[in-house]
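# A look at the structure
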Amino acid sequence: MRIGRRAFVGAGSTLAGALILPSWAKAQEHAESAFLQDDVDAGMLPPVGERLPETPLVITPLDRPGQQGGTWNHALVGGGSLSMLVRYQGYEPLVRYNQDWSGLIENVAESYTINPDATEYTIVLRKGHKWSDGHPFTTADVQFWYDAYFTDKETSLGSNAWWYADDQPAQLQVLDEQTFKVVFAAPNGLFLQQLAWAQQDQLTRTPKHYLEQFHIRYNPDADALAREQGLESWIALFQREIGMQDDNTFFQNSRRPTLNAWRFTIAPGENTEQAVAERNPYYFKVDTEGTQLPYFDRVVYQMVADPEVLLLKVLQGEIDVIDQYICTPANKPVLFDGQANGDYSFYTLKETAANVMAFQLNLNHVDPIKRELFNAIAFRQALSLGIDRQALIDAVLIGQGAPAQPSMREGDPLYNEQLAKQFTEYDPDRANEMLDALIPERDGDGFRLDARGRRVSIIFEIDHTRTTFLDMFALAIPMLQAVGIDAQIRTMDRSLWETRVRRGREYDATAHQFGANSGIAAMLDARFYVPMNSNCFYAPGWALYYTQPDNPNAIEPPEAVKAQQELYRRLGSLADPAAQSETMAEVLQNAADLFFTFGVSLPADGYGVVKNDVVNLMMEMPNSFGWPTPGPARPEQFFKT
């Protein structure tokens, strides 16, 4: 989908699903939450009218206004799935995607304006907005994030949309307590779209009044405080408390104040059986009747060991809304049959991923022989020809799909037929011919031998919660073995997978999905087309070269890959949507020629499960981590009858 002109227009207009009405808190009486009434009566909390900003964000409920109260029953699978929390209670950026992913709407920011060449963004916060502990949220928090984390070489752990041309950060200009300006040296037409991407808007997650105690510049005793907690220095303490190490660690802290609808009282990891989040008394949104959101008082996540346990809980009616882990084609029949007993029904997910599963060889492997072989484009093409995609689609996806590489969806203006269709036919004879030209020697069992006489083995390391992947590999492994490759699979807990694959280099290969198959989403998440972030498991060193060239683990890519990275960098410098599309088309054509990864099928529509008493859930929505499902559908306005 393309971002329309509305995404570049300053705020102030009425947008679908959200209204911004000046001085709402003064013009409207607000009923107090029964969940918080005792604290208000005891003087521990001010009344709701004093807790809201002067101009709260007014949300029009999808179906109808609800009532406060109740518990959202949820679940998390495995120790490494905490990044999923951004979908349910962590999506509160300055601006967010609208419900059809066609543009942006205001969120934490009350308004924004952009100059004509997209080099200056002026952002206005809400006067009176407060963190969950009642402390004001102002531009002082923005300045703290900029100084203590973003531009601090000792504490910063990565790049984001504020880093731009020639590794120069955008300049922050604080104008007053509510207004700041972001200034780039060159046009950056995708800046706000990047901030709206899941977990990218760090400055809405950085309460100065809490975090400054852990930074040596603000607290001279921060080192001593770190040692008291068994840490080497204040740097480790600050990084732990700010929680930006990776997508999983941010939510493992019940002490840090938040702007989110719910605040953890028992964070994941603080209890082995469940995590609990309770309503944020200072949440900045109300419905059209003046009721402070969220409607649910609590979100309770059951911590389950594997998808099979979760499936049983769903069938027993213990989970209110779920579309991750267990909503696979293979599980659809049993879930369909269990609707009456579990008192649930289904909603539709419009799949936005570039493929259902992308095979990714580690092109930066530490073993030089494997690295050379994996980097031979013909080797990857041959493996692709050795996969009978239709067999995988029929058996695992119940016939839903068609052979395709990671690519744009047909019909999208950026669709590239070569990228989508090349080397998708099942042709083991041709695969063998291509492999014979590269590695002709075989052992007594028919497996090919590398330049050192070793069996050519590829171990695919897979997160065991990806049950669809496991089912596909059960069929794909014999296919690869049939063309002389000793393919194997190693499954593991998500947390170990994150360590070995996302943060490691000593793996042979893995498989994953996501990316994007349309418009602006593909421009922002081009993981399969250019090594550009930590999701590019086929080239972790090259991706680091793009984001952090001075990182000791960064690897300088070949010239063709560097040219691709520079082209993608130029895409981000363009302010004109037409020029963005033209440049993205070049990126996709180069990706077709470079053939970084190979896939199975573009995804068919998916599904989720929702209890029949849940109200205001969109019954059809995009399925994406970047969007991130169901975050832009506003879980704060879900309730149960």
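Predicted model, so just to flag it, every value in this text is computed and none were measured. (Residues numbered from 1 in each chain as written. Predicted model: local features only at pLDDT ≥ 70, side-chain atom pairs only at ≥ 80, totals over all residues. Heavy atoms only, no water.)

## Re the nonpolar core
- Ranked by internal contacts, the top residues of the largest apolar core, which has 179 residues, are Trp162, Phe379 and Tyr529.
- Phe379 has contacts with Leu361, Leu373, Phe374, Leu435, Leu438, Ile439, Ile458 and Ile485, leaving out every residue within four places of it along the chain. (Core = buried A, V, L, I, M, F, W, Y, C linked by side-chain atoms within 4.5 Å. Buried < 20%, exposed > 50% of the residue type's maximum accessible area, 1.4 Å probe, protein only. Contact = heavy atoms within 4.5 Å.)

## Brief notes about the sheet that holds strand β14 (residues 321-322)
- Here we have four strands laid out as an open sheet, ordered β14-β21-β15-β23, and mixed in their pairing. Whereas interior strands pair on both sides, the edge strands pair on one side only; in this sheet they are β14 and β23 (620-623).
- Bridge analysis of strand β15 (residues 344-351) against strand β21 (residues 606-611) gives six bridges, and the strand direction is antiparallel. Bridge pairing in β21 places Phe346 opposite Val609. (Pairing = 2+ DSSP bridges. Helix = DSSP H or I, 4+ residues; strand = E, 2+ residues; numbered from the N terminus.)

## Concerning the confidence of the model for the protein chain
- With 94% of its residues at a pLDDT of 70 or more, the protein chain shows a mean pLDDT of 91.
- Low pLDDT (under 50) marks residues 1-27, which in the prediction has 76 contacts with non-local residues, meaning those over four places away or in another chain. (pLDDT = per-residue confidence, 0-100.)

## A short note on the environment of Pro65
- Inspection of the secondary structure puts Pro65 in the loop between β2 (57-59) and β3 (71-77).
- Residue classification places Pro65 among the partly exposed residues on the basis of a relative accessible area of 32%.
- Not counting residues up to four positions away in its chain, the partners in contact with Pro65 are Asp287, Thr288, Glu289, Tyr295 and Phe639.

## Section: helix α21 (residues 540-547)
- In terms of residue burial, α21 counts as a mostly covered element, since six of its eight residues are buried.
- Among all positions of α21, only Pro540, Gly541, Trp542, Ala543, Leu544 and Tyr546 are buried.

## Examining the pattern of salt bridges
- Going through the model one piece at a time under the given rule, you end up with 30 salt bridges.
- Residue Glu461 pairs with Arg500 through a salt bridge whose shortest N-O separation is 2.6 Å. Note that Glu461 is positioned in strand β17 (residues 457-463) and Arg500 in helix α19 (residues 494-502), a separation of 39 residues in sequence.
- Under the relative-accessibility criterion, Arg500 is labelled partly exposed at 26%. (Salt bridge = Lys/Arg side-chain N within 4 Å of Asp/Glu carboxyl O.)

## Examining the packing of aromatic side chains
- By the definition in use, this model includes 39 aromatic pairs.
- Note on Phe184 and Phe191: the rings are 5.0 Å apart at their centroids and 70 degrees apart in plane angle, and the pair reads as edge-to-face. In this structure, Phe184 and Phe191 share a single accessibility class: buried.
- Consider the rings of Phe251 and Phe264, whose centres lie 6.5 Å apart with planes at 75 degrees: the pair is edge-to-face. (Phe/Tyr/Trp six-rings, centres within 6.5 Å; stacked < 30°, edge-to-face > 60°.)

## Describing the pairing of β17
- Counting buried positions over the seven residues of β17 gives seven, a clear majority of the element.
- Residue alternation in β17 divides its side chains into two sets, Ser457, Ile459, Glu461 and Asp463 and Ile458, Phe460 and Ile462, and both sets are buried.
- Sheet analysis places β17 next to strand β18 (residues 486-492), joined by seven bridges and oriented parallel. Within β18, the position partnered with Ser457 by the bridge is Asp486.
- Assessed by its sense of winding, the connection that carries the chain from β17 through helix α18 (residues 467-482) to β18 is right-handed.
- Sheet topology places β17 next to strand β19 (residues 509-514); two bridges connect them, and they run parallel. Within the sheet, the bridge partner assigned to Glu461 lies in β19 and is Thr510. (Right-handed = clockwise from strand over helix to strand, strands pointing away.)

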